[in-house]
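# A structural walkthrough
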Amino acid sequence: MLSYFLDAQYFNYILLAGGLLAFAATFIVLKTCMHRLPTDIGRAFAVNAEKAKGKPRGAGVIFIPIYCICCLIFAPLTIEYAIYGTLLMAVMLTGYLDDASKNPWSDYKKGFFDLLISVGVATTYALNNSTEVRLEIISNVFGVDASFTIPLVVYIILGTVLVWMSINVVNCTDGVDGLCTTLTLLVLLTFLFLEGSSDLPAHIIVMMGALAAYLWFNCSPSILLMGDAGSRPIGVFLAIAAMKCGDPFLYIPICLIFILDGGMGLVKVFLLRFFKIHIFKNTRMPLHDNARKNKGWSDTQTVIRFNICQLVISLIIILLIGFHI
């Protein structure tokens, strides 16, 4: 909102102020209110699940509203982003209700609400933006115009799949102190370098500020967990960032660590549940559990090594496409 009243030369200062306020507000509210959050009850079959028992969880119910408020103040205000904010709050709320429930929601119940949110996000984007897609890596590496327009209905369907997948792979990755948040910060930084012309950077900076404050309490050994109230909105936000870049297919390489860590487990469960096909029999899922249980990595080693892989991927993509900042 402030961007409408201040000269464009102050835009970078507005971004800085938004990120700093999001960090400060999230830090203060988390520190003073985390004891009011529901506590973790542990997850069946998860490695080191006993370490999480009794810790406050559902921190997303704090940092997602703070993100939305800071965006109202510092980011350009449009109907499109107002709808995104509403949907982020909705997916945060469903996640928090699951976090606070004594009996965890079934996969089908969560999947149904995720589907509704995904349809809303994809439809909002398609109705407010061009559905033309430019394959950035192919265009820049080979010097060809690799662009095409996707019909509106088809884009909404594909966008729904993207958002739903993103919600769930990010959610599955949130199982080691600091892993989901640090990966998200690197991914957002990658999108920030690639996107220099739209109103997306302001939202990315504010989200990074809020997540950085949360990471202060979640780094190993953590005293606070984001829960579904945090991981599911993050998944939605990453999908929005990919679509706003004009090449939603960039989600695959940029978020590859999320896809491999969380997505492979989803594929394994899907094939076993519906087709009785058992793949990766000797590999624990998510992959971060395999790294800790079967490879003997510590939590810190797992987080750092996964982030090294993400950093290498991000640098390759930025160098292939070129950055705008």
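Structure shown above.
In this report, the structure presented in the accompanying data block is examined.

How each quantity is defined
Residues numbered from 1 in each chain as written. Predicted model: local features only at pLDDT ≥ 70, side-chain atom pairs only at ≥ 80, totals over all residues. Heavy atoms only, no water. Helix = DSSP H or I, 4+ residues; strand = E, 2+ residues; numbered from the N terminus. Buried < 20%, exposed > 50% of the residue type's maximum accessible area, 1.4 Å probe, protein only. Contact = heavy atoms within 4.5 Å. Areas by Shrake-Rupley, 256 points an atom, 1.4 Å probe, with all protein chains shown as cover. Lys, Arg positive; Asp, Glu negative; His and termini not counted. Charge placed at Lys NZ, Arg CZ, Asp CG, Glu CD. Core = buried A, V, L, I, M, F, W, Y, C linked by side-chain atoms within 4.5 Å. Phe/Tyr/Trp six-rings, centres within 6.5 Å; stacked < 30°, edge-to-face > 60°. Lys NZ or Arg CZ within 6 Å of the ring centre and 35° of its normal. Polar contact = N/O pair within 3.5 Å; in protein donor to acceptor, adjacent residues only side chain to side chain. Expected span 1.5 Å × (residues − 1). Axes fitted to C-alpha atoms, helices over the stretch in contact; angles between N-to-C directions. Parallel < 35°, antiparallel > 145°, perpendicular 65-115°, else oblique. Left-handed = near helix turned anticlockwise from the far one by under 90°. Patch = residues over 30% accessible without salt bridge, like charges linked within 9 Å, V, L, I, M, F, W, Y side chains within 5 Å. Salt bridge = Lys/Arg side-chain N within 4 Å of Asp/Glu carboxyl O.

Turning to the overall build of the protein, a few remarks are in order. Check the secondary structure of the protein and you find 14 helices and 2 strands. Its C-alpha atoms put the protein at 50 × 45 × 35 Å along the principal axes. Taking all 325 residues of the protein together, the buried fraction comes to 52%. Here the analysis covers contacts within the protein between residues at least 6 apart in sequence; of these, 75% occur between residues at least 24 apart. Accessible surface, the protein: about 15200 Å² in total, of which carbon and sulfur atoms supply 70%. Averaging the coordinates of the 22 positive side-chain charges in the protein and doing the same for the 20 negative ones gives two points 14 Å apart.

Among the nonpolar cores identified, the biggest contains 83 residues, and F63, V121, V236, L238, Y251 and F258 are the most heavily contacted of them. At 11 residues, the largest contribution of residues to this core is made by helix α9 (residues 200–218). Residues in contact with V121, not counting those within four places in the same chain, are Y84, L87, V163, V236, I240 and M243.

What follows is about the packing of aromatic side chains. Remark: the centre distance and the inter-plane angle together describe each pair of aromatic rings, the angle taken between the planes. All told, the structure shown has 9 aromatic pairs when counted by the stated rule. The interplanar angle of 40 degrees and the centroid separation of 5.7 Å between the aromatic rings of W105 and F113 together place this pair among those described as tilted. The buried category is assigned to W105, whose relative accessible area is 16%. Positioned above the aromatic ring of W105 is the side chain of K109, whose terminal nitrogen or guanidinium carbon lies 4.2 Å from the ring centre. Taking NZ or CZ as reference, R305 lies 4.8 Å from the ring centre of W297, over its face.

On to the side chain of D177. By the element assignment, D177 lies in the loop between α7 (152–173) and α8 (179–194). At a separation of 2.8 Å, a polar atom in the side chain of D177 contacts the side chain of S222. Setting aside anything within four residues of it in sequence, one finds D177 in contact with K55, N218, C219, S220, P221, S222, L225 and V303.

For the rest of this paragraph, the subject is helix α10 (residues 228–244). In this model, α10 (17 residues) spans 24 Å end to end at C-alpha, consistent with the 24 Å of a helix rising 1.5 Å per residue. Counting buried positions over the 17 residues of α10 gives 17, a clear majority of the element. Once α10 ends, the next one or two residues include G246, with phi positive near 85 degrees.

Let us now look at the side chain of K244. Positionally, K244 belongs in helix α10. At 3.1 Å, the side chain of K244 and the side chain of N129 are in polar contact.

Bringing the packing of α8 against α10 into the picture now. Put simply, α8 and α10 touch, their axes get as near as 10 Å, and they point 20 degrees apart. Classified by the angle their axes make, α8 and α10 are roughly parallel. Classified by chirality, the crossing of α10 by α8 is left-handed. Of the residues in α10, those touching α8 at T184, V187, L188 and F191 are I234, F237, L238, A241 and A242.

Below, the discussion takes up a nonpolar patch on the surface. Together, I138, V141, F142, V144, I304, I308, V312, I316 and L320 make up an exposed nonpolar region whose accessible area comes to about 800 Å². Listed by contribution, the elements that provide at least two residues to the nonpolar patch are α6 (136–142) and α14 (299–321). In terms of residue count, α14 provides more of the nonpolar patch than any other element does, 5 residues in total. When you line up the elements, L320 lands in helix α14.

With that out of the way, let us pick up the environment of K109. Locating K109 in the fold gives a position in helix α5 (residues 107–128). On the accessibility criterion, K109 (39% relative accessible area) is partly exposed. Considering only alpha carbons, one finds K109 and L266, 157 residues apart in sequence, at a separation of 16 Å.

Taken as a whole and assessed by the stated rule, the structure comprises 10 salt bridges. One salt bridge connects K244 with E80, and the closest N-O pair in it is separated by 3.3 Å. Taken together, the positions of K244 in helix α10 and E80 in helix α4 (residues 79–100) put the pair 164 residues apart, joining distant regions of the chain. Taken as a pair, K244 and E80 share a single burial class, namely buried. A salt bridge links D299 to R292; the nearest nitrogen and oxygen atoms lie 3.1 Å apart. This pair shows no difference in class: D299 is buried, exactly as R292 is. Connected through shared salt-bridge partners, D114, D228 and R232 make up one network.

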